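# Structural overview
Residue strings, one per chain:
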Amino acid sequence: MIKRYLLLAGVFATIHNSLCVYKVTVIGSGYVGLVLGTGLAEFGNIVTCVDLDTEKIQALNNGIIPIFEPQLPEIIAKNVKEKRLFFSAAIDESIKTADAIFIAVGTPTKPDGTADISAVELVVERISKHINKPTLICTKSTVPIGTNHAIEIFFKNRGMADLAIIVSNPEFLREGSAVHDFFNPDRIVIGTNSSLGSDMMRQLFAPLFEKQTPVLITDPTTAETIKYASNAFLAVKLSYVNEIDRLCQAVGANTHEVTYGMGLDPRIGKYYLKPGPGFGGSCLPKDTRALLQTATENGIKLSMVSAALEANNDQRAWIIHKIKSHLGNTLQNKKIGIWGLAFKANTDDIRESAALYVIKELLANGAQIKAYDPAAMQNFKKEFPTLCYCSNKKEATESIDLLIILTDWDEFKEVHNDQFHLSMEKIKILDTRNILFK
Ligand code: UGA
C-alpha cells in the first residue's frame, strides 16, 4: 500500500507524512459537487469547487451556502478555514492545476425523456484543451450508459489517451442526508479500464477504504448501468408500495403494519416502503426515463420500469381525486393549506416535487392556496410567485377547508398538547405521507 502511495505520489501528488494529498477540481457546485468537494477536502485533499455561475461562487466565497443540506455549512466552513477547500469561477486554470477532476454537472431530462449531457460534453471539451499531465477524469454526473466509453474514445482520437485517466464513479447519496451518505456509503462503485485510475480513487477516498466500505471495481459501462438500475429499482419499489397503500385503504388494511410486516423479510428490506404522493426529485424520475430511452434504443422492453413511471403519474392523479372527494368534488374557491413543497424532507429542492403538480391542478380548478415549507419556499416562489406563502405551519392551517401534507418534514410530525394542535383535530387533513399516524 505504502509502495503504491509512493509510486503515485512520484507522478502526481505531494507526500505529507506518507499520505497522498491530491489537488482536486470539482466541476459543478450543485448538491452533488458541493458535498463531494467538501468531503474530499475533509479527507485531506486540496479541493477547488468550480462553477460557471459566478454569483454562486461569489456567495460561497462569502460563506453563503446556496443549497439547504444538513451539516454542509459547518463542514464547508471548517475546510475553508483549514485552507483545503476553495471556490472559483476560473475553470480553465483549475483544470490545468488539478491531479484529479470530478465532473458533477447536471444531466436533466430532455423533452423526449433522454438525459441532456451537453453540460458534460462541454466540460470534457474544456478539459481536453487544458490538461497537460496525466489527470484523473472522474464522472460523478449520472450519464447515459456508454458515455464514459465515449469520453475515452474522445481523448484517444485526440492522441490524449495517456493524459486522460477515465473513471466512472456513480454517486449514491440522497439529498437531505447527503453529508451522512458521503461519509457512510453502502458501497463504492469504480468503473475504469485503468489500474492507475482505481489506485488514485483508492487514495482520494482513503478513509472510506480504510473502514472497509464494500468496493466494486468494474468497467465504466457496468458502473453506469449499476447507477441507473439502482435508481430504477427504487422507483419500481416506491410505485409498488404506493399501489399497495391504495389497496390497503380500499380494503381497510393498515398500511403501516403491512409495510412493516413486509420489510421484516430481509429479501424485501425495510427501506423505501413509505407510501407518498408519488416519488419526485431530480434523480428517480429523470433516471428512470433515461433508462427506458436507453433500453428502447437497444431494442429492449423494460415493462416493469415503464409501469413504475405510469404508476407514479397515477399516484399524483389519485391525490387530486382524493382532494376532490374530501371537498365534495369541487375545488372552486376552496381554501387549501399545503404543508411541504420540497420533493422530500430536509431539502430545499423542488424538482419534480408532488407539490408542483398538486398546486398546479388545484389552482387550475379554482382553489385558493396557503403554502408553507421550512426550506423550499424561496425555490417555489420562482415557479409560483403569487401564491400565498405562510411564515409557519400554523398560519397555513388558518381558515382553510382542507390541509394537505405533501412532504415528510419532522416539524409536521410533532404533535404537542397545545391549543394549536388541539385545533388541528377540527381540520380536515389529507396526509399523503402518513406521518400523523400515531
Ligand atoms: C435518489 C437515490 O435514493 C440516491 O441513492 C441517488 O444517489 C440519487 O437519487 C441520485 O441519483 O443522485 P434522492 O433523489 O435524493 O436520491 O431522493 P430519495 O431519498 O431517493 O427520494 C426520492 C423520492 O422518493 C422522494 O420524493 C421521496 O419522498 C420518495 N420516497 C422515498 C418515498 O415516497 N418513500 C420512501 O420510503 C422513500
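Residues numbered from 1 in each chain as written. Predicted model: local features only at pLDDT ≥ 70, side-chain atom pairs only at ≥ 80, totals over all residues. Heavy atoms only, no water.

Attention shifts here to the sheet that holds strand E12 (residues 368–372). Taking strand neighbours across the sheet as the criterion, the five strands line up as E13-E12-E11-E14-E15 in an open arrangement whose pairing is parallel. A single partner strand is all that each edge strand has here, and the edge strands are strand E13 (388–389) and strand E15 (429–431). Here strand E11 (residues 335–339) pairs with strand E14 (residues 402–405) via four bridges, running parallel. Following the sheet pairing, tryptophan 339 is matched in E14 by isoleucine 405. (Pairing = 2+ DSSP bridges. Helix = DSSP H or I, 4+ residues; strand = E, 2+ residues; numbered from the N terminus.)

Let us now look at the state of the cysteines. Evaluation of the coordinates by the stated rule reveals zero disulfides. Cysteine cysteine 138 remains unbridged, with the sulfur of cysteine 49 as its closest cysteine sulfur at 14 Å. (Disulfide = S-S within 2.5 Å.)

What follows deals with the confidence of the model for the chain. When pLDDT is averaged across the chain, the result is 94; 95% of the residues are at 70 or more. Segment residues 1–18 is flagged for pLDDT under 50; beyond a separation of four residues in sequence, or across chains, it makes 34 contacts in the model. (pLDDT = per-residue confidence, 0-100. Contact = heavy atoms within 4.5 Å.)

This paragraph deals with the nonpolar core. If you look at the biggest cluster of nonpolar residues, it comprises 43 residues, and the most contacted ones within it are Ile323, Ile336, Ile338, Leu341 and Leu362. Elements with a contribution of two residues or more to this core: helix H14 (303–326), E11, helix H15 (354–364), E12, helix H16 (377–383), E14 and helix H18 (419–424). Excluding residues that lie within four positions of it along the chain, isoleucine 336 makes contacts with Ile323, Leu327, Leu331, Leu362, Ala367, Gln368, Ile369, Lys370, Ile400, Leu402 and Ile404. With 42 residues, the next largest nonpolar core counts Tyr31, Val35, Ile188 and Phe205 among its residues. (Core = buried A, V, L, I, M, F, W, Y, C linked by side-chain atoms within 4.5 Å. Buried < 20%, exposed > 50% of the residue type's maximum accessible area, 1.4 Å probe, protein only.)

To continue, consider the site of the ligand. Near the ligand, the surroundings consist of 20 residues, among which Phe172, Lys227, Tyr272, Lys274 and Arg433 are the closest. Within the backbone of glutamate 175, an N or O atom sits 2.8 Å from an oxygen atom of the ligand. Within the side chain of lysine 344, one N or O atom sits 2.7 Å away from an oxygen atom of the ligand. Within the complex, the protein chains bury 91% of what would otherwise be the 710 Å² of accessible surface of the ligand. Elements represented by at least two residues in the shell around the ligand include exactly helix H11 (220–251) and helix H13 (284–297). Per-element tally for the shell around the ligand: the top contributor is H11, with four residues. (Near = heavy atom within 4 Å. Polar contact = N/O pair within 3.5 Å; in protein donor to acceptor, adjacent residues only side chain to side chain. Areas by Shrake-Rupley, 256 points an atom, 1.4 Å probe, with all protein chains shown as cover.)

A few words on the side chain of aspartate 99. Tracing the backbone shows aspartate 99 in the loop between helix H5 (91–97) and strand E6 (100–103). The buried charged residue aspartate 99 lacks any salt bridge partner; its closest oppositely charged side chain belongs to lysine 133, at an N-O distance of 4.2 Å. Reaching out from aspartate 99, the side chain makes a polar contact with the backbone nitrogen of lysine 23 at a distance of 2.7 Å. (Lys, Arg positive; Asp, Glu negative; His and termini not counted. Salt bridge = Lys/Arg side-chain N within 4 Å of Asp/Glu carboxyl O.)

The end-to-end C-alpha distance of helix H6 (residues 118–130), which contains 13 residues, comes to 19 Å, matching closely the 18 Å that a straight helix rising 1.5 Å per residue would cover. For H6, the set of buried residues is Val120, Val123, Val124, Ile127, Ser128 and His130. Considering only its buried residues, H6 is in contact with strand E3 (23–27), H5, E6, strand E7 (135–139) and helix H7 (147–157). (Expected span 1.5 Å × (residues − 1).)

Across the interface, H11 lies against H13 with an axial gap of 9 Å and an inter-helix angle of 115°. Of the possible angle classes, the one that applies to H11 and H13 is roughly perpendicular. Where H11 crosses over H13, the two elements pack in a sense that is left-handed. Contacts from Lys227, Tyr228, Asn231, Ala232, Leu234, Ala235 and Leu238 in H11 reach Leu284, Asp287, Thr288, Ala290 and Leu291 in H13. In terms of residue class, the contact of H11 with H13 is built from eight nonpolar, two polar and two charged. (Axes fitted to C-alpha atoms, helices over the stretch in contact; angles between N-to-C directions. Parallel < 35°, antiparallel > 145°, perpendicular 65-115°, else oblique. Left-handed = near helix turned anticlockwise from the far one by under 90°. Nonpolar A, V, L, I, M, F, W, Y, C, P; charged D, E, K, R; others polar.)

Next up on the list: the sheet that holds E7. The strand order across the open sheet built from eight strands is E5-E4-E3-E6-E7-E8-E9-E10, with neighbouring strands paired in mixed fashion. Edge strands, defined here as strands with exactly one partner in the open sheet, are strand E5 (85–88) and strand E10 (215–218). Put simply, the sheet's adjacent strands are angled 20° from each other on average, direction ignored. Of the strand pairs in this sheet, E3 and strand E4 (residues 46–50) are connected by five bridges, and their pairing is parallel. Paired with threonine 25 across the strands is threonine 48, a residue of E4. The strands touched by H11 are strand E8 (164–168), strand E9 (188–192) and E10; relative to E9, the strand with the most contacts, the crossing angle is about 145°.

Moving on, we come to the packing of H13 against H14. The geometry of H13 relative to H14 is characterised by a closest axis approach of 10 Å and an angle of 140° between their N-to-C directions. Judged by the inter-axis angle, H13 sits oblique to H14. The element H13 and its partner H14 pack so that their crossing is left-handed. Counted together, Pro285, Thr288, Arg289 and Leu292 of H13 and Val305, Ser306 and Leu309 of H14 form the full contact between these two elements. Taken together, the residues of the contact of H13 with H14 break down into four nonpolar, two polar and one charged.

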